[in-house]
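Structural characterization, general
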Amino acid sequence: MASRKSSWLPVVFGLPSISLLTACSGVQSSLDPAGAAAQLIADLWWPMLVVATLVTALVLILLLIGIFRAYRHRSARPLSSRQSRNLVIAGGIILPLSVTIPFALSSFSIGRTLYAPPPDNALAIEVIGKRWWWEIHYLDKSGDRIATTANELHVPVGEPIKLLLKSDNVIHSFWVPNIQGKTDMMPGQVNVTSLVADEPGVYRGQCAEYCGAQHALMAFLFVAESEEDFNAWLEQQAQPALMPETAQAAQGREVFFDAGCASCHSIRGSRAQGDKGPDLTHLAGRRTLAAATVPNRIGHLGGWITDPQHIKPESLMPPTEMPPDDLKALLSYLEGLE
Ligand code: HEC
Ligand SMILES: [Cu+2]
């Protein structure tokens, strides 16, 4: 009997505490801040958790005392009207106000800091919520688009970033928990927000406003890197696509046009000018496919092209059947789009 007991004990108590601990760190956790805004939010959240836990415990203890006394001393004298009035004033007015007012004030003041307008010299990036992926445009000082990519947002560490958030369909919400709070993306409106990443790393962003069947698979990677790496990356993103280097890749380029991919996708430097799907000019440089749904490896790429509806049902990319040699050639072309 004893051994049985000890075998389930660690499961019952161990699993929840392990999962509680692991929830605090990671690439998609507001409790593992890597930016000033996320730090402010975490600094407010922890005291709230502690105080809320204490208040819950206090209420439960009082409840238990009440139940206990009701059973034990059925004949006990009820509180005098003065005692019960004092109890209501202390427990019903003073205690709740002394807990909520400080939190309301600090939450208000943190909110003002979080939503302060970005400085004028901030790097401007336009992010458009699509169904169900993220279109990303880097803007120059005059607001012109200099590079376009999708589902992978790169920023230089320590630099203020100004985000222009939009949607061309329903409401989405832009959220990188390790870096900052959520900002909604509204159709017909530009929501401006700012952020600064303090620690280099690759974090995961997630759409935080339910937007349809594949809301859960509407994610992206947030890459915070040194100024030097970022500048090199941006310069490369601004270039047109590389020309195919092998005969097979050149054939793959033909397959791309014959299969109708160009009606939805752009490859800058070619006649592919579609705008319904992600820009594929530098596809091979991205870490994931289909809004951080699968890693960007050749097998997943082939699987995505032939049957995207299996990976992401109801997404706006149709399946394409083609002979194996054509698919190989197409993959070799796409893999060359560094
Ligand atoms: C009707 C429009 C349409 C056609 C035609 C189409 N696609 Fe797509 N494609 C999309 C959309 C929309 C997405 C984004 C899906 C998502 O993530 O929800 C996408 C995503 C992709 C991606 C992932 C890009 C990324 O960065 O995540 C690749 C690669 C791709 N398509 C390649 C192709 C190829 C190759 C063809 C031709 C065989 C093709 N597509 C035909 C609309 C289309
Ligand atoms: Cu969503």
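Please refer to the structure higher up on the page.
Small disclaimer: the values here were computed from a predicted structure and weren't measured. (Residues numbered from 1 in each chain as written. Chains lettered and ligands numbered in written order. Predicted model: local features only at pLDDT ≥ 70, side-chain atom pairs only at ≥ 80, totals over all residues. Heavy atoms only, no water.)

What follows covers the coordination of the iron atom of ligand 1. Protein coordination at the iron atom of ligand 1 comes from His265 (NE2) and Met317 (SD), with a distance range of 1.9 to 2.1 Å. What the 6 donor atoms of the iron atom of ligand 1 show is an angle range of 87 to 178 degrees at the metal, which sorts the shape as octahedral. Of this pair, histidine 265 sits in the loop between α5 (247-258) and β11 (288-289) while methionine 317 sits in the loop between α7 (308-311) and α8 (324-335); the two residues are 52 residues apart in sequence, bridging distant segments of the chain. The same class applies to histidine 265 as to methionine 317, namely buried. (Donors = N, O, S within 2.8 Å, 3.2 Å for Na, K, Ca; no water. Tetrahedral: all angles 85-135°; square planar, octahedral: opposite > 155°, others 65-115°. Helix = DSSP H or I, 4+ residues; strand = E, 2+ residues; numbered from the N terminus. Buried < 20%, exposed > 50% of the residue type's maximum accessible area, 1.4 Å probe, protein only.)

Sheet strands pair via backbone hydrogen bonds, and the direction of the pair is either parallel or antiparallel. Reading across from one edge, β3-β2-β1-β5-β8 is the order of the 5 strands in this open sheet, with mixed pairing throughout. Two strands in the sheet have a free side with no partner beyond their single neighbour: β3 (145-150) and β8 (191-195). Within the sheet, the average angular offset between the axes of one strand and its neighbour, ignoring direction, is 25 degrees. Of the strand pairs in this sheet, strand β2 (residues 134-139) and β3 are connected by 5 bridges, and their pairing is antiparallel. In the strand pairing of β3, glutamate 135 is matched with alanine 150. Sitting on the sheet, helix α4 (residues 227-238) is in contact with β1 (123-129), β2 and β3, with an inclination near 95 degrees to β3. (Pairing = 2+ DSSP bridges. Axes fitted to C-alpha atoms, helices over the stretch in contact; angles between N-to-C directions. Contact = heavy atoms within 4.5 Å.)

What follows deals with the packing of α5 against α8. Here α5 crosses α8 at 105 degrees, and the two axes come no closer than 7 Å. In terms of axis orientation, α5 runs roughly perpendicular to α8. Each of Gln248, Ala249, Gln251, Gly252, Arg253, Val255 and Phe256 in α5 lies in contact with α8, whose residues at this interface are Asp325, Asp326, Lys328, Ala329, Leu330, Ser332, Tyr333 and Leu334. For the contact of α5 with α8, the per-class residue count stands at 7 nonpolar, 4 polar and 4 charged. (Parallel < 35°, antiparallel > 145°, perpendicular 65-115°, else oblique. Nonpolar A, V, L, I, M, F, W, Y, C, P; charged D, E, K, R; others polar.)

Sheet architecture is open: 3 strands sit in the order β4-β10-β9, paired in mixed fashion. Every interior strand has two partners, whereas the edge strands, β4 (152-156) and β9 (201-206), have only one. Between one strand axis and the next, the sheet turns by 25 degrees as a mean value, whatever way the strands run. Both β9 and strand β10 (residues 219-225) contribute to a ladder of 6 bridges, which runs antiparallel. Directly across from glutamine 206, in β10, lies its bridge partner alanine 219. Sheet strands in contact with α4 are β4 and β10, and its direction is about 135 degrees off that of β4.

This paragraph deals with the pattern of salt bridges. Under the definition given, this model contains 6 salt bridges. Taking the shortest distance from any N to any O, the salt bridge between glutamate 135 and lysine 130 comes out at 3.6 Å. Its relative accessible area of 10% is what places lysine 130 among the buried residues. Notably, a salt bridge pairs aspartate 168 with lysine 130, separated by 2.9 Å at the nearest N-O pair. Residue aspartate 168 is located in the loop between β5 (161-167) and β6 (172-174), and its partner lysine 130 is located in the loop between β1 and β2; the two are separated by 38 residues in the primary sequence. A relative accessible area of 48% means that aspartate 168 is categorised as partly exposed. Connected via shared salt-bridge partners are Glu126, Arg145 and Lys166. (Salt bridge = Lys/Arg side-chain N within 4 Å of Asp/Glu carboxyl O.)

On to the packing of aromatic side chains, then. Per the counting criterion, the structure on display carries 9 aromatic pairs. Between the aromatic rings of tyrosine 138 and phenylalanine 230, the centroid separation amounts to 6.0 Å while the plane-to-plane angle is 50 degrees, which identifies the pairing as tilted. Here phenylalanine 230 lies in helix α4 and tyrosine 138 lies in strand β2, a separation of 92 residues in the sequence. With relative accessibility at 1%, the residue tyrosine 138 sits in the buried group. Among the residues examined, phenylalanine 230 registers a relative accessible area of 3% and is labelled buried. Judged by centre distance (5.3 Å) and plane angle (70 degrees), the rings of tyrosine 138 and tryptophan 233 are edge-to-face. Remark: tryptophan 233 occurs in helix α4 and tyrosine 138 occurs in strand β2; sequence separation between them is 95 residues. Like tryptophan 233, tyrosine 138 is buried. Grouping aromatic residues by their ring pairs yields a cluster made of Trp134, Phe174 and Phe220. (Phe/Tyr/Trp six-rings, centres within 6.5 Å; stacked < 30°, edge-to-face > 60°.)

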